[in-house]
Amino acid sequence: MTTFRGAPPETEEGIGALTLSGFLLEVSRRHPEREAVVFHESDGAVVRWSYRDLEREARRVAHAVLGTGAGKDSRVGILMGNRPEWVAALYGVALAGAVAVPLNTYFEPPELDYVLRHSDAKLLLTQTRLLGHAYVDQLVELCPELAGEAPGELRSSRFPHLRRVVALGLGERRGAVEPWEEFIRLGDVMSEELLEASAAEITPADHALIIYTSGTTAAPKGVLHPHRGPAIQSWRFAQQLRLDPSVRVWSAFPFFWSAGLVMVMGATLAAGGCLVLQEHFEPGEALQLLESEHVTSPHAW
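All values reported here derive from a predicted model rather than from experimental measurement. (Residues numbered from 1 in each chain as written. Predicted model: local features only at pLDDT ≥ 70, side-chain atom pairs only at ≥ 80, totals over all residues. Heavy atoms only, no water.)

A closer look at the overall build of the chain
Thinking step 1. Helix and strand counts for the chain stand at 11 helices and 12 strands.
Thinking step 2. Taking 301 residues into account, the globule formula puts the C-alpha radius of gyration at 19 Å, and the chain, at 19 Å, falls close to it.
Thinking step 3. Its C-alpha atoms give the chain principal-axis dimensions of about 55 × 45 × 45 Å.
Thinking step 4. Out of the 301 residues belonging to the chain, those deemed buried represent 54%.
Thinking step 5. Element-wise, carbon and sulfur atoms account for 52% of the exposed surface of the chain, whose accessible area totals about 13300 Å².
Thinking step 6. Taking the average place of the 27 positive charges on the side chains of the chain and the average place of its 38 negative ones, the gap between the two points comes to 5 Å. (Helix = DSSP H or I, 4+ residues; strand = E, 2+ residues; numbered from the N terminus. Rg over C-alpha atoms; globule rule 2.2 N^0.38 Å. Buried < 20%, exposed > 50% of the residue type's maximum accessible area, 1.4 Å probe, protein only. Areas by Shrake-Rupley, 256 points an atom, 1.4 Å probe, with all protein chains shown as cover. Lys, Arg positive; Asp, Glu negative; His and termini not counted. Charge placed at Lys NZ, Arg CZ, Asp CG, Glu CD.)

Describing the pairing of strand β3 (residues 75-79)
Thinking step 1. β3 sits mainly inside the fold: four of its five residues count as buried.
Thinking step 2. For β3 and strand β4 (residues 99-102), the ladder comprises four bridges, and the chain directions are parallel. In the sheet register, Gly77 faces β4, and the bridge partner there is Val101.
Thinking step 3. The handedness of the β3 to β4 crossover, carried by helix α3 (residues 84-95), is right-handed.
Thinking step 4. Judged from the five bridges that link them, β3 and strand β5 (residues 121-127) form a sheet pairing that is parallel. Residue pairing for β5: Val76 is matched across the bridge by Leu123. (Pairing = 2+ DSSP bridges. Right-handed = clockwise from strand over helix to strand, strands pointing away.)

Describing the packing of aromatic side chains
Thinking step 1. A full pass over the atoms with the stated rule returns six aromatic pairs.
Thinking step 2. Centroid distance Phe23 to Tyr91: 6.0 Å. Interplanar angle 15°. Geometry classified as stacked. Here Phe23 is found in helix α1 (residues 20-30), whereas its partner Tyr91 is found in helix α3, with 68 residues between them in sequence.
Thinking step 3. The exposure class assigned to Tyr91 is buried, which follows from its relative accessible area of 1%. (Phe/Tyr/Trp six-rings, centres within 6.5 Å; stacked < 30°, edge-to-face > 60°.)

Observations concerning unusual backbone geometry
Note: most peptide bonds trans; most residues except glycine with negative phi.
Thinking step 1. For Asp73, which is not a glycine, the phi torsion comes out positive at approximately 75°.
Thinking step 2. Structurally, the position occupied by Asp73 is in the loop between α2 (51-67) and β3.
Thinking step 3. Backbone geometry at Asp120 places phi at a positive 60°, although glycine is not the residue there.
Thinking step 4. Its place among the elements puts Asp120 in the loop between α4 (109-119) and β5.
Thinking step 5. A relative accessible area of 33% places Asp120 in the partly exposed class.

Observations regarding the pattern of salt bridges
Thinking step 1. Inspection of every chain in the model, using the stated rule, returns 22 salt bridges.
Thinking step 2. Salt-bridge contacts for Arg56 lead to Glu57; the nearest nitrogen and oxygen are separated by 2.9 Å.
Thinking step 3. On the basis of relative accessible area, Glu57 is assigned to the buried category, the value being 14%.
Thinking step 4. The partner of Glu182 in a salt bridge is Arg173, and the shortest N-O contact between them spans 2.6 Å.
Thinking step 5. The class for Glu182 is partly exposed, based on a relative accessible area of 25%.
Thinking step 6. Each member of the salt-bridge network shares a partner with another, and the members are Glu35, Arg48, Arg248 and Glu293. (Salt bridge = Lys/Arg side-chain N within 4 Å of Asp/Glu carboxyl O.)

Re the packing of α2 against α3
Thinking step 1. Packing of α2 against α3 leaves a shortest axis separation of 7 Å and a crossing angle of 55°. Here α2 is positioned oblique relative to α3, judged by the angle of their axes. For α2 against α3, the interelement crossing comes out right-handed. Listed contacts from α3 to Leu54, Glu57, Ala58, Arg59, Val61, Ala62 and Val65 of α2 are Val87, Ala88, Ala89, Tyr91, Gly92, Val93 and Leu95.
Thinking step 2. For the contact of α2 with α3, a count of residues per class yields 11 nonpolar, one polar and two charged. (Axes fitted to C-alpha atoms, helices over the stretch in contact; angles between N-to-C directions. Parallel < 35°, antiparallel > 145°, perpendicular 65-115°, else oblique. Left-handed = near helix turned anticlockwise from the far one by under 90°. Contact = heavy atoms within 4.5 Å. Nonpolar A, V, L, I, M, F, W, Y, C, P; charged D, E, K, R; others polar.)

Some remarks on the nonpolar core
Thinking step 1. Formed by 66 residues in total, the largest nonpolar core has its most connected members in Val65, Tyr91, Leu125, Trp180, Phe183, Met265 and Leu269.
Thinking step 2. Leave out the neighbours within four places in its chain, and Met265 touches Trp86, Val87, Leu90, Tyr91, Phe255, Gly260 and Leu275.
Thinking step 3. One finds Ala121, Tyr135, Phe159 and Ala167 within the second-largest nonpolar core, a separate group that totals 28 residues. (Core = buried A, V, L, I, M, F, W, Y, C linked by side-chain atoms within 4.5 Å.)

Digging into the sheet that holds strand β11 (residues 274-277)
Thinking step 1. Strand order in the open sheet formed by five strands is β2-β1-β11-β10-β12, and the pairing between neighbours is mixed. The sheet is open, and its two borders are formed by β2 (46-50) and β12 (297-299), each paired with just one other strand. Strand-to-strand twist of the sheet, defined as the mean angle between neighbouring strand axes without regard to direction, takes the value 15°.
Thinking step 2. With three bridges joining them, strand β10 (residues 248-251) and β12 adopt parallel strand pairing. Bridging across to β12, Ser251 finds its partner in His299.
Thinking step 3. Strand contacts of helix α10 (residues 258-271): β1 (35-40), β10, β11 and β12, with the helix running at about 140° to β11, the strand carrying the most contacts.
Thinking step 4. Across the face of the sheet, helix α11 (residues 283-292) comes into contact with β1, β10, β11 and β12 while running at roughly 175° to β10.

Structure, rendered in structure tokens:
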């Protein structure tokens, strides 16, 4: 048996809030005007969020999550590439007290089917397509009720716990699949007091994430993480990688696994640096981003 002795990890120098919700609020308070997220859209537009913007967008997601009736311990799937909405979704779900389930963007329909059922996801936040994956089409094929359902909550024997599917890039509602903007508007009627009360009830021991293994030799395994783990690792990686507010980080690591989530995204935000996002890896575009955005710390294989 191995015995560890020493001061509690939370007393380490540089360790801040130990919930993902508290983490976001702390880094936003420290660096409100600094650039937090940069993303080059396919149409040439460039999204630039400060830490204040990131907190605002995460709060909008949190309000909308609460507006769907999801809350403490509800599972919320996130199936998107590395883009600003993914970051806002993770911390928005955390602010609402729900459990984020990052989904592998390379899943084929049988894997997506399995993980959606296994995770008991109540809400799925996705995008219409990414590379060769037409997620909305795949979901409708797996769950035909999505195509013909009237506005309101989904009722499906295929996914008995899934109540809502939201898709980025959807111009108008497609059956029960609703556009991102419509979902965000759900939060307009939710009070800030409710969100603050919800966030205040979250403790480091509460459930925060279910991250699935790659399923190389069997079905993917869901690993349940409390808030404390990804929060403390984000603070630690910022120190171990010697990051500071001037750092500009690009990475090919996807956010749906822990390395991308804490070593890249979490550590960059813990340091007050800037995340330069690329939705999916393409070498020429990556080189252009490294140069045009003056990246100082690239992470790749």
